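# What the coordinates show
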Amino acid sequence: MPQVVSPTYDANPSDIAANPEQWIRDNGDAYTPRRYAIHREIRESERFYYWATPYPDDRRANRFESFVIELDLGKKVQFDQVFAKGLVMIEGQIAAGSVSYNKNYHAPGQPVWNWHFTSVDKFYNYDPGASCFIGDPAPCESHPSEIAADAEQWISQHGRRYFPTNYVILGPVIDPGKRDAVANVSNRGMTGAGEKTVITGFIITGGEPRTVVLRAIGPSMSASGVQQPGSGPEAYRASRF
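To start, this report covers the structure provided alongside it. One numbering rule holds for all chains: residues counted from 1, following each sequence as written. This being a predicted model, a pLDDT of at least 70 is required before a residue's local features are given, and a value of 80 or more before pairs of side-chain atoms are given or counted; all residues contribute to the totals for chains, interfaces and linings. Each side-chain value is derived from all of the structure's non-hydrogen atoms; neither hydrogens nor water enter the calculation.

Looking now at the overall build of the protein chain. By the criteria applied, helices consist of DSSP H or I runs no shorter than four residues and strands consist of E runs no shorter than two, each listed in order from the N terminus. Along the backbone of the protein chain there are seven helices and ten strands. Each residue gets one of three labels from its accessible area relative to the maximum for its type: buried under 20%, exposed over 50%, partly exposed in between, using a 1.4 Å probe on protein chains only. Going through the 241 residues of the protein chain one by one, you find that 31% of them count as buried. Residues are treated as being in contact if the distance between any of their heavy atoms lies within 4.5 Å. Taking all contacts inside the protein chain whose residues are at least 6 apart in sequence as the whole, residues at least 24 apart take part in 63%.

Have a look at this one:
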């Protein structure tokens, strides 16, 4: 037998929106849409935090500084659409004054900047040839520390608009309230050259980017009874992106 179609179960939201008062008069105020499911809770108050850092191959950056931006849900959706095509540059308004999440994660102790973005107005995919505004180049070329030297004076002189063409959003969401911890480090095996090279992986959980130092030791292990230790280990310094 054909299924009976009932407006209270089968109407789409747009069917109701065409004339809500008339729809309720005709069908009542009960609505159980059986073709719709709740995927996740959406909270308008949600905030998302992203880490901005110099583009790795951009020689103009020539320094290790970073900052953090805050996005609401609507801006996050816009960001995700642009980020799907590559790294993202931002343009927005800044103000003097610190906020707890806007830190320089590239500096020892992750100090908080004395300025912050009050809004992010536009997203762009990274363009190494991005042109600055006509006239004052400071809003495009200034680094975070140049603003921080005297944030109020910088804004007074150059305005609140900031489009740091040397910096990109690398993508991971930062959770300022989540504690950092090393989750796992594991490695054991015979190593050699070429395909016999040992690859070690590790995981760091937490809400903040971290600079880590990895130390690989070889010849000194012979003093502990290790036979045929690696003769040419290297030390690596890397940033988590």
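With that out of the way, let us pick up the pairing of strand E3 (residues 88-96). Counted residue by residue, E3 has seven buried out of nine residues, so it is predominantly covered. Two strands form a pair only when DSSP identifies at least two bridges running between them. In terms of strand pairing, E3 meets strand E5 (residues 161-162) through two bridges, oriented antiparallel. In the strand pairing of E5, Gln93 is matched with Arg161.

Our focus in this paragraph is the environment of Ala151. Mapped onto the fold, Ala151 is located in helix H7 (residues 151-158). Between the C-alpha atoms of Ala151 and His116, which are 35 residues apart in sequence, the distance is 9.6 Å. Beyond its immediate chain neighbours, meaning those up to four positions away, Ala151 contacts Ala96, Asn114 and Trp115.

Our focus in this paragraph is the pattern of salt bridges. Whenever Lys or Arg places a side-chain nitrogen within 4 Å of a carboxyl oxygen from Asp or Glu, that contact is recorded as a salt bridge. Under the counting rule described, the total for this entry stands at three salt bridges. Across the pair Arg47 and Glu70 runs a salt bridge, and its minimum N-O distance is 3.9 Å. Of this pair, Arg47 sits in strand E1 (residues 47-54) while Glu70 sits in strand E2 (residues 67-72), and the two are 23 residues apart along the sequence. Given the relative accessible area of 32%, Glu70 is considered partly exposed. Among the salt bridges present, the one from Glu91 reaches Arg161, with a minimum N-O distance of 2.5 Å. Linking Glu91 in strand E3 with Arg161 in strand E5, this pair joins segments that are 70 residues apart in sequence.

A few words now on the packing of aromatic side chains. Stacked, tilted and edge-to-face are the three classes applied to pairs of Phe, Tyr and Trp rings, where Trp contributes its six-membered ring and a pair requires centres within 6.5 Å; stacked means planes under 30 degrees apart, edge-to-face means over 60, and tilted covers the rest. Within this structure, the stated rule accounts for 16 aromatic pairs. Ring geometry for Trp115 and Phe117: centres 6.0 Å apart, planes at 65°, overall edge-to-face. The same class applies to Trp115 as to Phe117, namely buried. Members of the aromatic cluster, each reached through a chain of ring pairs, are Phe67, Trp113, Trp115, Phe117, Trp154, Tyr162 and Tyr167. Lysine and arginine charges are scored as sitting over a ring when NZ or CZ, respectively, is within 6 Å of the ring centre and within 35 degrees of the ring normal. A cation sits over an aromatic face here: Lys76 above Phe48, 5.3 Å from the ring centre.

Moving on: the environment of Phe64. Among the secondary structure elements, Phe64 is positioned in the loop between E1 and E2. A relative accessible area of 64% places Phe64 in the exposed class. Along the sequence, Phe64 and Thr53 sit eleven residues apart, while their C-alpha atoms lie 7.8 Å from each other. What Phe64 contacts, discounting residues up to four positions off in sequence, is Asn104 and His106.

Put simply, a nonpolar core is a bunch of buried Ala, Val, Leu, Ile, Met, Phe, Trp, Tyr and Cys residues held in one set by side-chain atoms that sit within 4.5 Å of each other. Formed by 26 residues in total, the largest nonpolar core has its most connected members in Phe67, Ile69, Ile90, Trp115 and Phe117. Elements with a contribution of two residues or more to this core: E1, E2, helix H4 (73-83), E3, strand E4 (115-125), helix H6 (144-148), H7 and strand E6 (167-174). A per-element tally of this core places E4 first, with four residues. The contact partners of Ile90, leaving out residues within four places of it in the chain, are Phe67, Ile69, Phe117, Val120, Lys122, Phe123, Tyr162, Phe163, Pro164 and Ile169. Formed by seven residues, the second largest nonpolar core is a distinct cluster that contains Tyr126, Ala130, Val168 and Leu170.

Once that is clear, we can look at the side chain of His106. Within the secondary structure, His106 is located in the loop between E3 and E4. Only 2.8 Å separates the side chain of His106 from the side chain of Thr53, close enough to count as a polar contact. Polar contacts, as counted here, are pairs of nitrogen or oxygen atoms within 3.5 Å of one another; within protein the pair requires one atom able to donate a hydrogen and one able to accept it, and residues that are adjacent in sequence qualify only if both atoms are side-chain atoms.

Turning our eyes to something else, we now look at unusual backbone geometry. The phi dihedral of Gln110 is positive, around 45°, even though this residue is not glycine. With respect to the helices, strands and loops of the structure, Gln110 is situated in the loop between E3 and E4.

Quick look at H4 now. For an α-helix, the turn length of 3.6 residues means that residues three or four places apart are oriented alike. Residues of H4 that are buried: Leu73, Lys76, Phe79 and Val82. Two to three positions downstream of the cap, the backbone nitrogen of Gly74 sits 3.2 Å from a side-chain oxygen, assigning the N-cap of H4 to Asp72.

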